[in-house]
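Survey of secondary and tertiary structure
Chain by chain, the residues:
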Amino acid sequence: MNPLKQIKRAIGMRISPWLPSCQEVSRLQSQAMDSSLPWLLRLRLKLHLCFCSWCSNYREHLHFLRHAMHRWQCDETDAHLTPEARDRIRKALRDPDQPAHKE
């Protein structure tokens, strides 16, 4: 085994009782994206991420999804519907049994 991995593993085993579980880390990562965490909790989270590649990957996926959704929302606000399309949608929402448009 790589000596650096051995050192990392030994340190991780020593401090693991003070670190949050992976389940708690996944919740904290989501929470950290919406609001600021207390400094001690941030420190524990960052330490966990140093030792856990699974949670680090999960963090990257969360950031990717957040960025993708933000871009998608920005693209959607630029889309404009014609007045006819808006009327068809309104009518379809009011009476779902009626066809949206006639062919």
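These notes cover the structure that comes with them. (Residues numbered from 1 in each chain as written. Predicted model: local features only at pLDDT ≥ 70, side-chain atom pairs only at ≥ 80, totals over all residues. Heavy atoms only, no water.)

Details of the overall build of the protein
Our working rule: Under the scheme used here, helices are H or I runs from DSSP no shorter than 4 residues and strands are E runs no shorter than 2 residues, and both carry numbers assigned from the N terminus. Only protein chains enter the accessibility calculation, which uses a 1.4 Å probe. A residue is then buried if its area is under 20% of the maximum for its type, exposed if over 50%, and partly exposed in between. Reported accessibility uses the Shrake-Rupley method at a 1.4 Å probe radius. Residues are deemed covered only where the shown protein chains occlude them.
When you go through the protein residue by residue, the secondary structure sums to five helices and zero strands. Listed N to C, the secondary structure of the protein is α-α-α-α-α in terms of helices and strands. Counting only residues that meet the buried cut, the protein has 16% of its 103 residues in that class. Carbon and sulfur atoms form 59% of the exposed surface of the protein, whose accessible area is close to 9,000 Å².

Some details on a nonpolar patch on the surface
Test applied: Nonpolar side chains (Val, Leu, Ile, Met, Phe, Trp, Tyr) are joined into patches within 5 Å and like charges within 9 Å, using only residues with over 30% relative accessible area and no salt bridge. Any carboxyl oxygen of Asp or Glu within 4 Å of a side-chain nitrogen of Lys or Arg constitutes a salt bridge here.
Taken together, Trp 39, Leu 40, Leu 43 and Leu 47 make up a surface patch of nonpolar side chains, about 410 Å² in accessible area. Look at Leu 43 and you get partly exposed, because its relative accessible area is 41%.

A word on helix α2 (residues 22-34)
Note the threshold: Given a helix with a known number of residues, its expected span is that number minus one, times 1.5 Å. By construction, the arc corresponds to the directions joining the helix axis to the C-beta atoms.
Its 13 residues place the ends of α2 19 Å apart at the C-alpha level, agreeing with the 18 Å of an ideal helix rising 1.5 Å per residue. Among all positions in α2, only Val 25, Leu 28, Gln 29 and Met 33 are buried. The arc that holds the buried residues of α2, viewed along the axis, is 135°, so those residues lie on one side. Of the residues in α2, the exposed ones pointing more than 90 degrees away from the buried face are Gln 23 and Asp 34.

Examining the pattern of salt bridges
In total, this model carries three salt bridges according to the counting rule given. Residues Arg 66 and Asp 34 are paired through a salt bridge, measuring 3.6 Å at the closest nitrogen-oxygen approach. In this pair, Arg 66 sits in helix α4 (residues 53-78) while Asp 34 sits in helix α2, placing the two residues 32 residues apart along the sequence. We classify Arg 66 as partly exposed; its relative accessible area is 43%.

A closer look at the nonpolar core
In a soluble, globular protein the nonpolar side chains are often hidden away together inside. Inclusion rule: The set of buried Ala, Val, Leu, Ile, Met, Phe, Trp, Tyr and Cys residues whose side-chain atoms join them within 4.5 Å is what this entry labels a nonpolar core. Contacts: residue pairs with any heavy atoms within 4.5 Å of one another.
Val 25, Leu 28, Leu 37, Leu 41, Leu 45, Leu 49, Cys 52 and Cys 55 form the largest nonpolar core, which has eight residues in total. Elements with a minimum of two residues in this core: α2 and α3 (39-51). If you tally residues by element for this core, the top one is α3, at three residues. Setting aside chain neighbours within four positions, we find Leu 37 in contact with Leu 28, Gln 31, Ala 32, Arg 42 and Leu 45.

Quick look at the side chain of His 48
Its place among the elements puts His 48 in helix α3. Here His 48 falls in the buried class, since its relative accessible area comes to 8%.

In short, shape yes, function no, at least from these values alone.
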